[in-house]
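# Structural overview
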Amino acid sequence: MSTRVIVWGEFLQEKSQPEVAAIYPDGMHETIAAALRREPDFTVDTACLGQPEHGMSRERLAATDVLVWWGHRAHAEIPDEIVDRLQGRVLEGMGLIVLHSGHYSKIFTRLMGTSCSLKWRVSGDRERLWNTAPKHPITAGIGDHFDLPAEEMYGEPFDVPAPDEVIFISWFSGGEVFRSGATWQRGRGRVFYFRPGHETHPTYHDANVQRVIANAIRWAGPDATRRPRRSRPAFHG
Ligand code: ZN
């Protein structure tokens, strides 16, 4: 059976910043979705900010197996009622892949229960993503590392609860490190955070990044036999 995927994109900076539009003329969400549509076992649709119910009606979410989320400027514009709806679907078993600046999205901070803050620096640093879980389904087909020639820097500490699994650790040419791929389970739902994807870099055209997102969707899909889990207590220093 096909995995039903929605790629949600804020789709604001592509319309207001020419340097972003040059890389993602149809929007970042459409670039991400175009790569996923090459996977024969996925049915892929997109949604964005400003559509009725921001593209996340109850009916539509009920028919979604995995939601992929990229947001940056407009996290606050998602009404709490829709965040409640998303959280409910994750607890029921919908997978959630949160990308890059989505670390501050309402749904991710809600599911984590922490600030989800991190260090960051506007940069064109080289990023090397080390594969710390070589037998995990999310790293299928990925070598011991891959590089992105230019990315924004995110650094530790990343204020999230201890992940179930750390899938990637990034090193930046400026010296910082970051848990760039991490998993959690909430209720019956699987959550994967994946760091790369600053809007002024062509990161979602990268074959390794596309592969990780596709692998993560397969891993995060619902499984009616999965036992629900309560969140671990967050550890704050
Ligand atoms: Zn960014």
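For every chain, the first residue of its written sequence is number 1, and the numbers climb from 1 along that sequence. Local features are withheld for residues below a pLDDT of 70 in this predicted model, meaning they are given only at 70 or higher, and side-chain atom pairs are given and counted only at 80 or more; totals for whole chains, interfaces and linings count all residues. To obtain the side-chain values, all non-hydrogen atoms of the structure were used and water was disregarded.

On to the sheet that holds strand β1 (residues 3-9). Pairing between strands is defined by DSSP: at least two bridges between the two strands are required. Helix and strand assignments come from DSSP, with helices taken as H or I runs of at least 4 residues and strands as E runs of at least 2, each series counted from the N terminus. Sheet architecture is open: nine strands sit in the order β2-β1-β3-β4-β9-β8-β7-β5-β6, paired in mixed fashion. Each of the sheet's edge strands pairs with one partner strand only, and the pair in question is β2 (42-48) and β6 (145-155). Along the sheet, successive strands turn relative to each other by an average axial angle of 25°, direction set aside. Alignment of strand β4 (residues 95-99) against strand β9 (residues 189-194), held across four bridges, turns out to be parallel. Here the axes come from fitting lines to C-alpha atoms, over the contacting stretch only for helices, and the angles between their N-to-C directions go from 0 to 180 degrees.

Note that patches include only residues with greater than 30% relative accessible area and no salt bridge, and the join distances are 9 Å for like charges and 5 Å for nonpolar side chains (Val, Leu, Ile, Met, Phe, Trp, Tyr). Surface accessibility in these figures is a Shrake-Rupley result with a 1.4 Å probe; residues are shielded only by whichever protein chains are displayed. The term salt bridge refers to a pairing of a side-chain nitrogen on Lys or Arg with a carboxyl oxygen on Asp or Glu at a separation within 4 Å. A cluster of nonpolar residues, Trp-130, Ile-169 and Val-177, forms a patch on the protein surface that exposes about 240 Å² of accessible area. For Trp-130, the location among the structural elements is in strand β5 (residues 119-131). Accessibility expressed as a relative area gives 35% for Trp-130, which makes it partly exposed. Throughout, exposure labels follow a simple rule: accessible area from a 1.4 Å probe, protein chains only, divided by the maximum for the residue type, with under 20% read as buried, over 50% as exposed, and the rest as partly exposed.

This part covers unusual backbone geometry. A cis amide bond links Glu-156 with the next residue in sequence, Pro-157, at an omega value of 5°. Inspection of the secondary structure assignment puts Pro-157 in the loop between β6 and β7 (165-172). The backbone phi angle of Phe-11 is positive, close to 55°, even though this residue is not glycine. With respect to the helices and strands, Phe-11 occurs in the loop between β1 and α1 (13-16).

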